[in-house]
Amino acid sequence: MKAPLSERLRPQTLDEVIGQQHLVGQDGLIRKMIRSQRLPSMILWGPPGVGKTTLAQLLAKEMKRPFKTLSAISAGVKDVREVIQQAVHSYNTILFIDEIHRFNKSQQDALLGAVEKGIITLIGATTENPSFEVNAALLSRCQVYTLKALKKEDLIALIQQAIQQDSYLKTKNIVLEETEALLNISGGDARKLLNLLDLLCDTDQSNITITNALVMEAAQQKTVIYDKSGEQHYDIVSAFIKSIRGSDPNAALYWLARMLEGGEDIKFIGRRLIISASEDIGNANPTALVIANNCFQAITTVGMPEAQIILSQAVTYLATSAKSNASYMAIKQARKLVQETGNLPVPLALRNAPTKLMREQGYGKGYLYSHSYEGNFASQEFMPESLEGYKLYQPGGSKREQQMNAQLKAWWQDKYGY
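These numbers come from a predicted model, not from an experiment.

Chemist: So what about the pattern of salt bridges? Which residues, and what values?
Modeler: A full pass over the atoms with the stated rule returns 12 salt bridges. A salt bridge links Arg-141 to Glu-116, with the shortest nitrogen-to-oxygen separation between them at 3.3 Å. In this pair, Arg-141 sits in the loop between helix H8 (136–139) and strand E5 (143–146) while Glu-116 sits in helix H6 (residues 105–117), placing the two residues 25 residues apart along the sequence. Taking relative accessible area as the criterion, Glu-116 reaches 57% and is therefore assigned exposed. Overlapping salt bridges bring together Arg-8, Asp-166 and Asp-198 as one network.

Chemist: Talk me through the packing of helix H15 (residues 266–281) against helix H16 (residues 287–302); I want residue IDs and the actual numbers.
Modeler: Remark: H15 packs on H16, axes separated minimally by 8 Å, with the N-to-C direction vectors making an angle of 175°. The pairing of H15 with H16 is recorded here as roughly antiparallel in orientation. Where H15 abuts H16, its residues Ile-266, Lys-267, Gly-270, Arg-271, Leu-273, Ile-274, Ala-277, Ser-278 and Ile-281 lie against Ala-288, Leu-289, Ala-292, Asn-293, Cys-295, Phe-296, Ile-299 and Thr-300. Residues that form the contact of H15 with H16 fall into these classes: 11 nonpolar, 4 polar and 2 charged.

Chemist: Describe in detail the side chain of Gln-380, supporting the description with residues and values.
Modeler: Here Gln-380 lies in the loop between helix H19 (356–360) and helix H20 (399–416). For Gln-380, the side chain forms a polar contact with the main-chain oxygen of Leu-368, separated by 2.7 Å. Those residues in contact with Gln-380 that lie beyond four places of it in its chain are Gly-366, Tyr-367, Leu-368, Ser-370, Trp-412 and Lys-415.

Chemist: Kindly report on the nonpolar core, identifying the contributing residues and their values.
Modeler: Counting 48 residues, the largest nonpolar core has Met-42, Ile-123, Leu-197 and Val-215 as the members making the most contacts within it. A total of 7 residues in this core trace back to one element, the largest contributor, which is helix H11 (residues 190–201). Look past the residues within four positions of Val-215 in its chain and what remains in contact with it is Ala-181, Leu-182, Ile-185, Leu-196, Leu-200 and Ile-210. Leu-95, Leu-111, Leu-122 and Leu-138 belong to the second largest nonpolar core, which has 24 residues in total.

Chemist: Outline the pairing of strand E2 (residues 67–71), listing residues and values.
Modeler: By the bridge criterion, 5 bridges tie E2 to strand E3 (residues 93–98) in an arrangement that is parallel. Within the sheet, the bridge partner assigned to Phe-67 lies in E3 and is Ile-94. Crossover handedness for the path E2 to helix H5 (residues 77–88) to E3: right-handed.

Chemist: So what about the sheet that holds E3? Which residues, and what values?
Modeler: Sheet architecture is open: 5 strands sit in the order E2-E3-E4-E1-E5, paired in parallel fashion. Lying at the two open borders of the sheet, with one neighbouring strand each, are E2 and E5. Sheet twist, expressed as the average angle between the axes of neighbouring strands with direction ignored, equals 20°. Where strand E1 (residues 42–45) meets E5, 4 bridges bridge the pair, whose relative direction is parallel. Counterpart to Trp-45 in the pairing with E5 is Thr-146. Relative to the sheet, H5 contacts E2, E3 and strand E4 (120–126), its axis offset from that of E2 by approximately 175°.

Chemist: Provide a residue-level description of the UniProt feature "domain: AAA+ ATPase" (unreviewed entry) in the chain, including the pertinent values.
Modeler: Feature annotation in UniProt assigns "domain: AAA+ ATPase" (unreviewed entry) to the following positions: residues 38–150. Helix makes up 40% of residues 38–150 and strand makes up 23%, while its end C-alpha atoms are separated by 27 Å.

Chemist: Please provide a residue-by-residue account of the side chain of Arg-271, values included.
Modeler: Turning to its location among the elements, Arg-271 is positioned in helix H15. Buried charge Arg-271 goes without a salt bridge, the closest partner of opposite sign being Glu-128 at 4.0 Å.

Chemist: Run through the environment of Arg-65, naming residues and quoting values.
Modeler: With respect to the helices and strands, the residue Arg-65 is situated in the loop between helix H4 (52–63) and E2. Counting along the chain gives 250 residues from Arg-65 to Val-315, while the straight-line C-alpha distance between them is 49 Å. Residues within four places of Arg-65 in sequence aside, it is in contact with Leu-39, Ala-60, Asn-92, Ile-94 and Thr-121. Within polar-contact distance, the side chain of Arg-65 engages the backbone oxygen of Asn-92 at 2.6 Å.

Chemist: Outline a nonpolar patch on the surface, listing residues and values.
Modeler: Among the surface-exposed residues, Tyr-367, Tyr-369 and Phe-382 lie close enough to one another that they form a single nonpolar patch of about 320 Å² accessible area. With respect to the element layout, Phe-382 can be found in the loop between H19 and H20.

About the cut-offs
Residues numbered from 1 in each chain as written. Predicted model: local features only at pLDDT ≥ 70, side-chain atom pairs only at ≥ 80, totals over all residues. Heavy atoms only, no water. Salt bridge = Lys/Arg side-chain N within 4 Å of Asp/Glu carboxyl O. Helix = DSSP H or I, 4+ residues; strand = E, 2+ residues; numbered from the N terminus. Buried < 20%, exposed > 50% of the residue type's maximum accessible area, 1.4 Å probe, protein only. Axes fitted to C-alpha atoms, helices over the stretch in contact; angles between N-to-C directions. Parallel < 35°, antiparallel > 145°, perpendicular 65-115°, else oblique. Contact = heavy atoms within 4.5 Å. Nonpolar A, V, L, I, M, F, W, Y, C, P; charged D, E, K, R; others polar. Polar contact = N/O pair within 3.5 Å; in protein donor to acceptor, adjacent residues only side chain to side chain. Core = buried A, V, L, I, M, F, W, Y, C linked by side-chain atoms within 4.5 Å. Pairing = 2+ DSSP bridges. Right-handed = clockwise from strand over helix to strand, strands pointing away. UniProt positions renumbered as here; feature names shortened; annotations may be inferred. Lys, Arg positive; Asp, Glu negative; His and termini not counted. Patch = residues over 30% accessible without salt bridge, like charges linked within 9 Å, V, L, I, M, F, W, Y side chains within 5 Å. Areas by Shrake-Rupley, 256 points an atom, 1.4 Å probe, with all protein chains shown as cover.

Next up, the structure:
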């Protein structure tokens, strides 16, 4: 029984790797590591089938290091500790953990000491953003390297390489007439692409013409043209967010359906909703952020297919909500102001005064405790001296924000002119 084509064609040297030239090119980071023989613990982050496992194996091979592998789907803390114990007696062991984002906190914590002491060099592979899915303590001990989605020309080159080099496919007369369905169904996943090609060619026929119809018949599925990592991915996400911003729930649901049918990560969609709830709705309806955040938690717990119902509820709520970008514009303006004015001193009245010396120097002197005054408000200066009266936040025109504006005017009419 022959191995899958993706395994038969797995690169044995860096020169055979297609794509990821920012890592494996002559000036790439992976090449530099091999030349220097210095290998940090790292997280390889990228979509499925772009070479994370291959790069880990090639690093171990090129550096002649012991290589252990665990899958986060099936391994537990006990398995991690066994590998670490073995590594104590084996110099420079590389531990590769596939889908490391599936490890819970205790499993990730079990790695910390060994990584910090250099007992193992950790290489974790993940399709999820490490900032969200890897513990901060472990992440701080690792370098993160991003693997890019394979381009169309990379995938075509991979197909041609398979046809020309694989010992089994070379026995066939293969004509590549159409590639659209082959590329769309594989979704940029090289492993899926090669295994689908293998399926198409696993026949008694010696003459094979690959067409979209043949691919569709073999895959037995509808093709929704949606590249999860290419330009269209960003175009559809952009249309989705702009539909919510434009208060069109029908269009927002359509683009949501396009993403779901294309196999988009529901957590990615959930995160975009959280951002939209603040960027596009903000204080016009603060509940929108609560809904979006609860949506993310719920879809993470429930998963597909039921998550689509929760996403639909959140999307329609956000799309039909009052809109305001006042908070978004305010923080952009505030950061621009900080960049322009630098580190201005904190007014003495606002400074912390934990010691007698600080109090003698005037720290905290003149500060008015708001709760000691009528309406829990006391007019005083909170900005650095040179920025007195500089207004950054201007509530929008929604009903709720106008109420906020009236309150700000009652407090700060003389200073900010609300």
